[in-house]
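A look at the structure
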Amino acid sequence: MTVSTRPGPAELLLGSDPQRRLHTLLTLVGWLTCFVMACAQHAAAMLGLADEAHTSRLAVFSLVGATLFYLLMRSGLAPRLASDAALSWLQASWALVSISWAYAVSGPARGAAVVLLVLMPLFGIFTLTPRQTRLMALTSFLAITLVVVWKTQSEPLRYDPRVELMHLIFAAIVMSVSTVLATLIGRLKRQSQRERAELASALERIQALATKDELTGLTNRRAAGEQLRRAARDPGAPLCVAMIDLDRFKQVNDSRGHAVGDEVLRHFARVARETVRAEDMLARWGGEEFLLLMPATTPEQALAVLARLRARLHAAPLAAVGPGYVVTFSAGIAACGDAADADLDAAIARADAAMYRAKHEGRDRALLEPAPA
């Protein structure tokens with residue numbers, strides 16, 4: 001059965017980026033509002049209530065602006081040109097010019113333009129702070145007030161000051177209610193975003209606690225076991241495992257205290273992380289024991305990795321233990337030609353045996369345990 005990969009109508013109109021879909025939807029709603037407004041004004045002009053030339057120019061201004069904002073948002077170009085707050089102010093300024101213009105040319109039907117003021121706080125409902133939303137509402141009210149004063153002074157017979165005063169009162173009511181609602185919704189949105197961010201941060205910390213060793217920051221034994229099982233599901237991929245045990249660690253713990261012993265473990269982990277390859281997995285296996293999983297690695301390459309680690313440790317003495325103290329380790333390496341569960345477990349056991357043999361032969365060395373015949 002063939003699965004269709006064609007985008008649906010919603011994806012075509014709003015795009016596939018979930019972060020921008022809401023903003024694109026609001027811009028598209030603005031375009032539809034302009035279209036309906038242009039149709040209503042055309043009807044008013046046909047009925048002789050408004051000047052057709054003025055309403056035609058206003059319709060062109062409104063629809064061209066709305067189309068431009070929609071295309072910028074839909075293409076993803078708008079967020080790269082300006083911040084969300086700046087875009088909200090740009091759209092609000094363009095909408096305010098359109099509404100003020102509509103009030104000035106709509107004649108007896110101009111009262112309907114007051115209702116459109118409810119849209120002004122909505123432009124910044126998700127992007128502006130409550131103070132910015134109130135400032136946008138106040139700016140909108142002052143703009144429509146200036147238009148009212150201008151028209152009552154220039155055309156007092158057509159724009160009766162008493163009627164205009166009632167329009168301003170209704171505009172103040174509409175703007176106040178819409179601003180309060182926009183502020184509340186914006187606060188709820190920002191609170192939801194903060195809670196989601198806190199939840200994501202908490203989940204990240206929980207994930208780190210579940211997979212990382214708290215002292216060294218390395219992968220812990222449980223998470224290492226899961227990675228080993230994943231490696232075992234990739235048959236035929238050659239790899240090597242190394243068991244590493246820090247030399248004379250118990251003596252350091254007993255003579256200098258656990259705090260110094262912890263610093264030895266952290267020091268080894270820090271140097272080892274900087275030495276092993278990105279694709280290798282280094283885990284704290286328990287106490288002063290570490291496991292190193294090296295995929296796509298020959299035994300000779302594994303010996304070279306551990307030799308490099310030994311040289312780095314010799315070049316970085318740890319003064320917290322004593323002058324010139326160098327952290328050394330004994331390691332055993334085993335190859336695993338077929339990364340199956342049984343073979344991988346056997347390789348770890350062989351590496352462990354080689355590690356103990358390295359200790360018995362004098363420490364500060366890595367030995368290779370050959371695969372069984």
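As a reminder, the structure under discussion sits directly above these lines.
From a predicted model like this one, the values you see are computed outputs, not experimental measurements.

1. Examining the overall build of the protein
- Within the protein, the regular secondary structure consists of 13 helices and 5 strands.
- For the protein, the spread of C-alpha atoms along the three principal axes comes to 110 × 60 × 30 Å.
- For the protein, buried positions account for 42% of its 373 residues.
- Relative to all contacts within the protein whose residues are 6 or more apart in sequence, the contacts with residues 24 or more apart total 71%.
- Carbon together with sulfur atoms contributes 63% to the accessible area of the protein, which is approximately 20200 Å² in total.
- Of the charged side chains in the protein, 40 are positive and 34 negative, and the gap between their average positions amounts to 7 Å.

2. Observations regarding the sheet that holds strand β2 (residues 281-286)
- The strand order across the open sheet formed by 5 strands is β2-β3-β1-β4-β5, and the pairing between neighbours is mixed. Edge positions in the sheet fall to β2 and β5 (365-369), since each of these pairs with one other strand and no more. Strand-to-strand twist in this sheet, taken as the mean axis angle between neighbours without regard to direction, amounts to 20°.

3. Examining a nonpolar patch on the surface
- On the surface, L165, M166, I169, F170, I173, V177, L181 and I185 cluster together to form a nonpolar patch covering roughly 730 Å² of accessible area.
- Relative to the helices and strands, L181 resides in helix α8 (residues 161-211).

4. Topic: the nonpolar core
- Among the nonpolar cores identified, the biggest contains 31 residues, and L246, F268, L292, L306 and F329 are the most heavily contacted of them.
- It is helix α11 (residues 258-275) that contributes the most residues to this core, 7 residues altogether.
- Core analysis: the next-biggest nonpolar cluster, separate from the first, contains 30 residues, C34, L96, I144 and A171 among them.

Definitions and cut-offs
- Residues numbered from 1 in each chain as written.
- Predicted model: local features only at pLDDT ≥ 70, side-chain atom pairs only at ≥ 80, totals over all residues.
- Heavy atoms only, no water.
- Helix = DSSP H or I, 4+ residues; strand = E, 2+ residues; numbered from the N terminus.
- Buried < 20%, exposed > 50% of the residue type's maximum accessible area, 1.4 Å probe, protein only.
- Contact = heavy atoms within 4.5 Å.
- Areas by Shrake-Rupley, 256 points an atom, 1.4 Å probe, with all protein chains shown as cover.
- Lys, Arg positive; Asp, Glu negative; His and termini not counted.
- Charge placed at Lys NZ, Arg CZ, Asp CG, Glu CD.
- Pairing = 2+ DSSP bridges.
- Axes fitted to C-alpha atoms, helices over the stretch in contact; angles between N-to-C directions.
- Patch = residues over 30% accessible without salt bridge, like charges linked within 9 Å, V, L, I, M, F, W, Y side chains within 5 Å.
- Salt bridge = Lys/Arg side-chain N within 4 Å of Asp/Glu carboxyl O.
- Core = buried A, V, L, I, M, F, W, Y, C linked by side-chain atoms within 4.5 Å.

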